[in-house]
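# Results of the structural survey
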Amino acid sequence: MSEPTTDDIYAYAVSKTLAKISSPATVGLYSPCQNRLKMILDQIEVNMNQEALRIEQEHKAKSRPRPLKQSSFLALVGRLLFYNPVWTAENQHERNVRFIYVDFSAWHFAGSDLLWAGIAIRLFQAMQLNFGKLQIVLFRVAQYDEEDEVKEQPVEHGPKNWRPKMLCCCPLWLFVLCLLVLPIVILVVLLTANVPTSNMNSTHGVDGTKGQVGVLEGMIIAALGVPAASGLRFVFLMVKNLIFNQDVNIKKGMDNERVSSQLGFMNEVRKEMWFLSRFIQFLEVFEGRRIRVVLRITCLDRCSPEKIVSVLHAINILLSDDESPFISILAVDPGVLVQKVNFADGYFCKEERGYALLGRITTLAFTVPPLCDDSKHSLLHSMAANLSTSNNVTKRTRVVKNASFSDEPLVEVSLQELSPLMNKRTAELDIKDEDVEEWLRKVLSSPDMKLNKYISDDNMFMRRVINSMRVTVIIMKVSKTELPHSPEHTAAWVVLANQWPCRLSWIIQCVEDAQQRAGTGHAAALDDTTTLWKVFSESRAELYVMSAQIEDLLEQDGDPELFEQFLLVDFPFTVKDLTTFKTATVNLDQTIKAELAQIRGTTRLKDSGWMRDLAPLPIATIIKMDTEDVCKELERMKFATKYVDIVRSNGLSGSALIFGDADDLKKLLAMNFGEWASFRLHFLGLPAHLRPQHKKLWQTPSSPANQASRLSQHMINQYSSNRNLANS
């Protein structure tokens, strides 16, 4: 057995969490690499089925769920026709679970104006394939009542899971049995009774016999008339629902602009989602296990902004009923998704922009970290070997057996040829649930926990933090990373990433830049005992200069004063802690750090050779310069001594150059045009007319003015240390 890859560990951690997570839930699985998302999704499916099998084997002695065999069909029909389920505390908290996977590629439905309705169609089709069309129709006719949606579902206590339907104080099954047996008994009596032969020729005798037979026929017709009418009505409804499927009705509504534009159309689709939820709840009682429908949404970031927003709202509206059994996995590139949502027409307020919208609907945000060097090497080696031996193979068929249920048939899944990392044999990943739950209890049950004041009172935030804690601990245990002595410190790191994602990303970027500069010999390496607050304090001026360009990112962060108290007083994390938690920080969106790095521009600025004289100095370097450092830099650039004396006499430090007015500085130095151009380029950045111009994206003819203003608000400009240079 080879060691598990990082992606194996991430897939295992997510699958363990999804087996515990309460539905409804929306998981954001974020990565810019679609192949990695596909591999992790496939591995999650395998791990979740194995987890379901393990749970079922552990609870054999307590409660054995019903096996999924063809013989269960008649039992299910009987329950649908003659019994009502009883919601008890026991069957509402079953440990056994099985998962049903539904793939929804948004790109396949991108041609429709109502992309969100495609989710409903896909779910209906998947339910019919998994449970059977007849079973769903039987439930709609025999069990479903729209008025139940507004009624409170009572939860009873007791061992009984079923209550027979009653008719005239008699169980319905007994009443139907009597109706079936009674005509047979009467017919047998008529055929076997002795007909009197005496006086057969007499008119009275014949008329009497005919009269008796007529009375009996009338009694039989009267007895069977009402049940026969009810039976015919039942058959009619069955045939009607078999012919006119709900997915067909939804498709017709999508095609009809008059219908689809009405508010009631989405309400009708929502009711159908509630119907599917009730059907699955019925099957949960019948099978004796929880059933969770895992909806995997992919390729959403390839659609237009308006359709992306409609799908995100559909996830929030259609699939977020309190009793919904749906778990949505949103596998996207968050950077692309957020930018497109920000350009969607009609979304100006903070709550409707990209990061805030995702934060409102996701109960677990899982960002796949970049590949480490070993994984990259293994990936490149495997891909090279695979290309040399399998040039003609573009697709393969993977046979997957549902490991949780040995009675189910094999399912063939057609896959694109993905990275061979998934084909590696990996060591068995096994973390006991008891260890993780015990860790959570220690953190959340402590009455004097310092972390309480940093946790938002928003219910979605609390769920996201708890789920992220579980994932983080599983990853660290599987990867054999030593956990901090205090469980609260691990939980605090999770809260830090959830509550202040922009500031934490900035700290991580500053630490990485310092390590890179130390590797080239341009600066001393950061000590492991350096606190993160010290790193932030030394670079906060630079972040302040960038604040106008990263407004959307900073809006995600919580109270700045609490952030200072968090890192300075209660949880003084160090650079060493950052290194420890690095691989397990999966609840932090990596695109935020990437955007900060791009704006900071340290990767394109060099401090050596000819670039040192030509290119602008990094703002981090300028801020740290005192007056003497500025003078030395002027002397190195061979400026006249009089300019060095002016800088020294006026105490012009790096901060003064950045935050001072460019026009005042130009007058003070009194340089000629060529000298001022060189000074301005080196210390203050590029002038406005030389900065790269960005294209105006997503403009629509209907509202060019609105789009232009939105673009100016959200566009990330080329990083410049001083905005006053535009007119200088």
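The sections below set out a description of the structure shown in this document. (Residues numbered from 1 in each chain as written. Predicted model: local features only at pLDDT ≥ 70, side-chain atom pairs only at ≥ 80, totals over all residues. Heavy atoms only, no water.)

### Quick notes on the pairing of strand β7 (residues 290-298)
For the record, the criterion: Only protein chains enter the area calculation, which uses a 1.4 Å probe; residues under 20% of their type maximum are buried, those over 50% are exposed, and those in between are partly exposed. Strands here mean DSSP runs of E at least two residues long; helices mean DSSP runs of H or I at least four residues long; both are numbered from the N terminus. A strand pair is defined by DSSP finding two or more bridges across the two strands.
Buried residues dominate β7, accounting for eight of its nine residues. Sheet analysis places β7 next to strand β8 (residues 326-332), joined by six bridges and oriented parallel. Looking across to β8, one finds that Val293 is bridged to Phe326.

### Let's talk about the nonpolar core
Grouped burial of nonpolar side chains is what soluble globular proteins tend to show. Under the convention used in this document: The definition of a nonpolar core used throughout is a set of buried Ala, Val, Leu, Ile, Met, Phe, Trp, Tyr and Cys residues joined through side-chain atoms within 4.5 Å. Between two residues, a contact is recorded if the distance between any of their heavy atoms is within 4.5 Å.
By size, the foremost hydrophobic cluster in this structure holds 145 residues, and its most contacted members are Leu123, Met127, Leu300, Leu451, Met469, Phe566 and Phe573. A per-element tally of this core places helix α10 (residues 263-287) first, with 12 residues. In this view, Leu451 contacts Met469, Glu488, Ala491, Ala492, Val495, Phe566 and Phe571; residues no more than four positions away in its chain are not counted.

### A few points about the packing of helix α26 (residues 627-636) against helix α27 (residues 641-649)
Applicable threshold: Note on geometry: axes are C-alpha line fits, over the in-contact stretch for helices, and angles between N-to-C directions span 0 to 180 degrees. Working rule for angles: under 35 degrees goes down as roughly parallel, over 145 as roughly antiparallel, 65 to 115 as roughly perpendicular, anything else as oblique. The residue classification treats Ala, Val, Leu, Ile, Met, Phe, Trp, Tyr, Cys and Pro as nonpolar and Asp, Glu, Lys and Arg as charged. All others, Gly included, are polar.
In the contact formed by α26 and α27, the axes pass within 9 Å of each other and the chain directions differ by 170°. With respect to α27, the element α26 is oriented roughly antiparallel. Taken together, the residues of α27 that come into contact with α26 (itself represented by Thr627, Glu628, Val630, Cys631, Leu634 and Glu635) are Tyr643, Val644, Val647 and Arg648. Each residue belonging to the contact of α26 with α27 can be placed in one class, and the counts come to six nonpolar, one polar and three charged.

### Some points on the pattern of salt bridges
This is how it is decided: What counts as a salt bridge is simple: a side-chain nitrogen of Lys or Arg found within 4 Å of a carboxyl oxygen of Asp or Glu.
Applying the stated criterion across every chain, the model contains 23 salt bridges. The salt bridge partner of Lys16 is Glu51, with a shortest N-O separation of 3.5 Å. Of this pair, Lys16 sits in helix α1 (residues 6-20) while Glu51 sits in helix α2 (residues 34-58), and the two are 35 residues apart along the sequence. For Glu51, a relative accessible area of 8% translates into the label buried. Glu272 is paired through a salt bridge with Arg140; the nearest N and O atoms lie 3.0 Å apart. Separated by 132 residues along the polypeptide, Glu272 in helix α10 and Arg140 in helix α5 (residues 133-142) bring together distant segments of the chain. This pair shows no difference in class: Glu272 is buried, exactly as Arg140 is.

### Some remarks on the side chain of Asp589
Where we set the bar: For the purpose of counting charges, residues Lys and Arg are taken to be positive, whereas Asp and Glu are taken to be negative. His and the chain ends are not included.
For Asp589, the location among the structural elements is in the loop between α22 (575-581) and α23 (590-600). Buried charge without a partner: Asp589 forms no salt bridge, and the closest opposite charge is Lys593, 11 Å away.

### With respect to the packing of helix α12 (residues 334-342) against helix α13 (residues 354-361)
Helix-helix packing is characterised by the crossing angle of the two axes and by the distance between the axes. Contact geometry for α12 and α13: axes closest at 8 Å, N-to-C directions at 110°. In terms of orientation, α12 and α13 fall into the roughly perpendicular class. Packed against α12, whose contacting residues are Leu337, Val338, Val341 and Asn342, the element α13 presents Gly354, Tyr355, Leu357 and Leu358 at the interface.

### Comments concerning a negative patch on the surface
What counts here: Nonpolar side chains (Val, Leu, Ile, Met, Phe, Trp, Tyr) are joined into patches within 5 Å and like charges within 9 Å, using only residues with over 30% relative accessible area and no salt bridge. The protein chains shown are the only cover counted for residues, whose accessible areas, like all others here, come from Shrake-Rupley with a 1.4 Å probe. Lysine's charge is taken at NZ, arginine's at CZ, aspartate's at CG and glutamate's at CD.
A cluster of acidic side chains, namely Asp145, Glu146, Glu147 and Glu268, defines a negative patch on the protein surface. Here Asp145 is to be found in the loop between α5 and β4 (162-164). On the basis of relative accessible area, Asp145 is assigned to the partly exposed category, the value being 32%.

### Section: unusual backbone geometry
In this structure, the amide linkage connecting Ser23 to the following residue, Pro24, adopts the cis form with an omega of 0°. Tracing the sequence through the fold places Pro24 in the loop between α1 and β1 (25-30). For Cys299, which is not a glycine, the phi torsion comes out positive at approximately 60°. The class for Cys299 is buried, based on a relative accessible area of 16%. Phi at Ala670 is positive, roughly 55°, even though this residue is not glycine.

### Some details on the sheet that holds strand β3 (residues 97-105)
Across the sheet, which stays open at both edges, the five strands sit in the order β3-β7-β8-β1-β9 with parallel pairing between neighbours. One side of each edge strand has no neighbouring strand; the edge strands of this open sheet are β3 and β9 (364-367). Between one strand and the next, the sheet's axes are offset by a mean angle of 20°, whatever the strand orientation. Note that β1 and β8 share six bridges and pair parallel. When the sheet's bridge partners are listed, Gly28 is paired in β8 with Leu330. Packing of α2 onto the sheet brings it into contact with β1, β3, β7 and β8, and relative to β3 it is tilted by some 165°. Docked against the sheet, helix α4 (residues 115-131) engages β3, β7 and β8, running at close to 135° with respect to β3.

### Side note on helix α17 (residues 487-499)
Convention followed: Between the first and last residue of a helix there are one fewer steps than residues, each counted as 1.5 Å, and that sum is the expected span.
End to end, α17 covers 18 Å across 13 residues, agreeing with the expected 18 Å (1.5 Å per residue, within 8%). Packed against the buried residues of α17 are α15 (433-444), α16 (459-478), α18 (501-519), α19 (532-546), α21 (560-570) and α22.

### Structural notes on the side chain of Arg36
Mapping Arg36 onto the fold places it in helix α2. Residue classification places Arg36 among the buried positions, given a relative accessible area of 7%. Leave out the neighbours within four places in its chain, and Arg36 touches Asp7, Ser31, Val368, Pro369, Pro370 and Leu371.

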